[in-house]
Amino acid sequence: MILKKKLKFYGIKDINQIPQLEHLSSDQKYAMQVISHILPFRTNNYLIEELIDWDNIPNDPIFQLTFLQKEMLEESLFERMSRALNGNHAPPELNQIIAEIRTELNPHPAGQLTANVPYYEGEVVNGIQHKYKETCLIFPAQGQTCHAYCTFCFRWPQFIGNADLKFATDESNRFQEYIKSHKELTNVLITGGDPMIMTASRLEKYLLPLLQPGFEHIHTIRIGTKSLAYWPYRFITDPDSDQILKLFEKVVKAGKSLAIMAHFNHWVELSTPVVKEAIRRIRNSGATIRAQSPLVKHINDDSSIWIRMWKTQVSMGIIPYYMFMERDTGAHAYFAVPIFKAFEIFRTAYTKVSGLARTVRGPSMSATPGKVVVDGITEVNGEKVFVLNFIQGRNSSWVKRPFFAKYSETATWLNHLEPAFGLNKFFYEDEMKFMAQRKSRDVKIENDFNYHSKLRR
Ligand SMILES: *Cc1c(COP(=O)(O)O)cnc(C)c1O
Ligand code: SF4
């Protein structure tokens, strides 16, 4: 029997209301204040009361997951922000400093802003991305926040109210026409933020149209969510929990496959009675659950954590899916794990689980040309190399064509790698450049067009 809990968010203004934080020194609390001007901060009562081990802070992985730490900001940037707060700046000046520091944190990695924008009847469609042929990402306008914020989140700019950096659907719902007309799509991935932050009625508005005639090509609907880790009560005792599960059942009964793409970083998130019950209820609805997570220093950079996490997932009927490399944005320097180490962690864990857990792929980098996975470290003709592979490519013919990069112990991302064997570029680079030029020209033309049509109106 799960007792009802009411969601309570905690932001930076509430940190003195969290009794457990009395363990923290005033320096640590001050650091949180400073950094919260740059990176978003939100935690909640489930994390504080049921997941964090307060006898193990600041090292507890779940504490690191949502609580800001001084080292998340490079020292010179931290000092700059700290000085700015103690100086006599008018708000516009302070905002300018904040904006400058944020710009240094690479707020939109992997060309997210322009590279994946789709068009329908010659005009930009808001709120979707169509990068890989079969899959369209949908960013519901009402789903662009989360039950708590991961300190490593690569979508952090959208939580700090910078409208330029947001993509979200608009009232026109033209994205539905786009999906209907693109018969090469086989599935959509509803993402955010976290779509499960929406009420059941809102979520229905996104899911039910996909069950209508014209969408037969969409055989799978995925929902990307961290709610099982951050607010499992969503599926049990929230006022509309039953409506959510009925909606899931309805999607399944209509003949679609419904996949909950659950974001779990640590086995602790799978250990409470409430998450177990939430998983049971979701699976009972006929939906499947797949699990994915980035590999993050201070949170899960140890193969034993992954072994236990994947085993636990399999025993609960969850399918391990992806291990991601942490993207090069925000507090990346704090969280990044070098590629060689990520591969060792993945390999060690992978060799210690049964085939049922080896559905997982990784470590994978979601980079501009595609999802690149590290398949091995080996030596060819005396040269030590990384063996790389696309598991998704901007051009699908790039997939499963092994390519090689010089071994490195410092590289943390694809763009740090150099081609092996004396080559001066990777096989996909010319085509990628050509695609990028074509895209940016299109976007420019489109912008000019919109600008002129506004002038005419
Ligand atoms: C990962 C990803 C997908 C889904 O890829 P799958 O391999 O089918 O899970 C779709 N679009 C983008 C932009 C992605 O990064
Ligand atoms: S749940 Fe996902 S979108 Fe939300 S803060 Fe975490 S990583 Fe970012």
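Heads up: the structure comes first, above all this text.
What you see is a predicted model, and the numbers here were worked out from it, not measured in a lab.

A. The arrangement of the pattern of salt bridges in detail. Applying the stated criterion across every chain, the model contains 13 salt bridges. The shortest N-O distance in the salt bridge between Arg80 and Glu104 comes to 4.0 Å. In this pair, Arg80 is assigned in helix H4 (residues 75-86) and Glu104 in the loop between helix H5 (91-103) and strand E3 (119-120), connecting sequence segments 24 residues apart. Judged by its relative accessible area of 54%, Glu104 is exposed. In this structure, the salt-bridge partner of Asp242 is Arg281, at a minimum N-O distance of 3.0 Å. With Asp242 in helix H9 (residues 241-253) and Arg281 in helix H10 (residues 273-284), the pair connects residues that are 39 residues apart, well separated along the chain. One network of salt bridges, in which partners are shared, links Lys5, Glu49 and Glu50.

B. Expanded view of the site of ligand 1. Taken together, Lys131, Tyr132, Thr135, Leu137, Arg222, Tyr321, Tyr322, Lys371 and Gln392 make up the full set of residues near ligand 1. Contact distances for ligand 1 include 2.5 Å between an oxygen atom and a side-chain N or O atom of Tyr322. Compared with its free state, where it exposes 380 Å², ligand 1 has 86% of that area covered by protein. Only strand E5 (128-132), strand E6 (135-138) and strand E11 (319-325) provide two or more residues apiece to the shell around ligand 1. For the shell around ligand 1, the class distribution of residues is four nonpolar, two polar and three charged.

C. Summary view of the sheet that holds E6. The mixed open sheet is built from 11 strands, whose spatial order is E5-E6-E7-E8-E9-E10-E11-E12-E13-E14-E15. With partners counted over all chains shown, the strands left at the sheet margins are E5 and strand E15 (403-406), one partner each. Strand after strand, the sheet turns through a mean of 30° between neighbouring axes, direction not considered. The pairing of strand E10 (residues 288-295) with E11 spans six bridges and is parallel. Along E11, the bridge assignment pairs Gln292 with Tyr322.

D. Region of the structure containing unusual backbone geometry. Cis geometry marks the peptide bond from Ile57 to Pro58; its omega dihedral reads 10°. Tracing the backbone shows Pro58 in the loop between helix H2 (45-51) and helix H3 (61-66). A cis geometry characterises the amide bond from Gly192 onward to Gly193, with omega recorded as 20°. Along the chain, Gly193 turns up in the loop between strand E7 (187-190) and helix H7 (200-207). Even without glycine at this site, His298 takes up a positive phi of about 75°. In the Ramachandran plot, Asn381 falls in the positive-phi region, its phi being about 50° despite a non-glycine side chain. Note that Asn381 resides in the loop between strand E13 (370-380) and strand E14 (383-393).

E. Spotlight on H9. Compared with an ideal rise of 1.5 Å per residue, which puts 13 residues at 18 Å, H9 spans 19 Å between its outermost C-alpha atoms and is within 8% of the ideal. Looking only at H9, the buried set comprises Ser241, Ile244, Leu245, Leu247, Phe248 and Val251. What you see down the axis of H9 is that its buried residues fit within an arc of 155°, all on one side. Seen from the open side of H9, the exposed residues pointing more than 90 degrees away from its buried face are Lys246 and Lys253. Here the buried face of H9 lies against H7, strand E8 (220-225), strand E9 (257-263) and H10. One or two steps after H9, the chain reaches Gly255, where phi turns positive at roughly 95°.

F. Region of interest: the nonpolar core. Of all hydrophobic cores here, the largest spans 135 residues; its most connected members are Phe67, Ile179, Leu228, Phe248 and Phe264. Examining the composition of this core, we find that six residues originate from one element, helix H13 (residues 339-351), more than from any other. Counting contributing residues, this core receives three or more from each of domain 1 (9-103) and domain 2 (428-457). Excluding residues within four positions of it along the chain, Phe248 makes contact with Met196, Leu203, Ile223, Phe235, Leu258, Ile260, Ile282 and Ser285. Leu137, Ala259, Tyr321 and Val373 belong to the second-largest nonpolar core, a separate cluster that totals 11 residues.

G. Structural view of the site of ligand 2. Around ligand 2 sit Cys146, Tyr149, Cys150, Cys153, Phe159, Gly193, Lys226 and His263, and those are all the residues in its vicinity. Residue classes in the shell around ligand 2 are distributed as five nonpolar, two polar and one charged.

H. Local environment of the pairing of strand E12 (residues 361-366). Of all the six residues making up E12, five are buried; the element is thus mostly covered by neighbouring parts of the structure. Pairing analysis gives two bridges linking E11 to E12, with the strands arranged parallel. Bridge pairing links Tyr322 to Arg361 in E12. Where E12 meets E13, three bridges bridge the pair, whose relative direction is antiparallel. Counted as the bridge partner of Met365 is Val372 from E13.

Definitions and limits used
Residues numbered from 1 in each chain as written. Chains lettered and ligands numbered in written order. Predicted model: local features only at pLDDT ≥ 70, side-chain atom pairs only at ≥ 80, totals over all residues. Heavy atoms only, no water. Salt bridge = Lys/Arg side-chain N within 4 Å of Asp/Glu carboxyl O. Helix = DSSP H or I, 4+ residues; strand = E, 2+ residues; numbered from the N terminus. Buried < 20%, exposed > 50% of the residue type's maximum accessible area, 1.4 Å probe, protein only. Near = heavy atom within 4 Å. Polar contact = N/O pair within 3.5 Å; in protein donor to acceptor, adjacent residues only side chain to side chain. Areas by Shrake-Rupley, 256 points an atom, 1.4 Å probe, with all protein chains shown as cover. Nonpolar A, V, L, I, M, F, W, Y, C, P; charged D, E, K, R; others polar. Pairing = 2+ DSSP bridges. Axes fitted to C-alpha atoms, helices over the stretch in contact; angles between N-to-C directions. Expected span 1.5 Å × (residues − 1). Arc of directions from axis to C-beta. Contact = heavy atoms within 4.5 Å. Core = buried A, V, L, I, M, F, W, Y, C linked by side-chain atoms within 4.5 Å. Domains from an automatic or database assignment.

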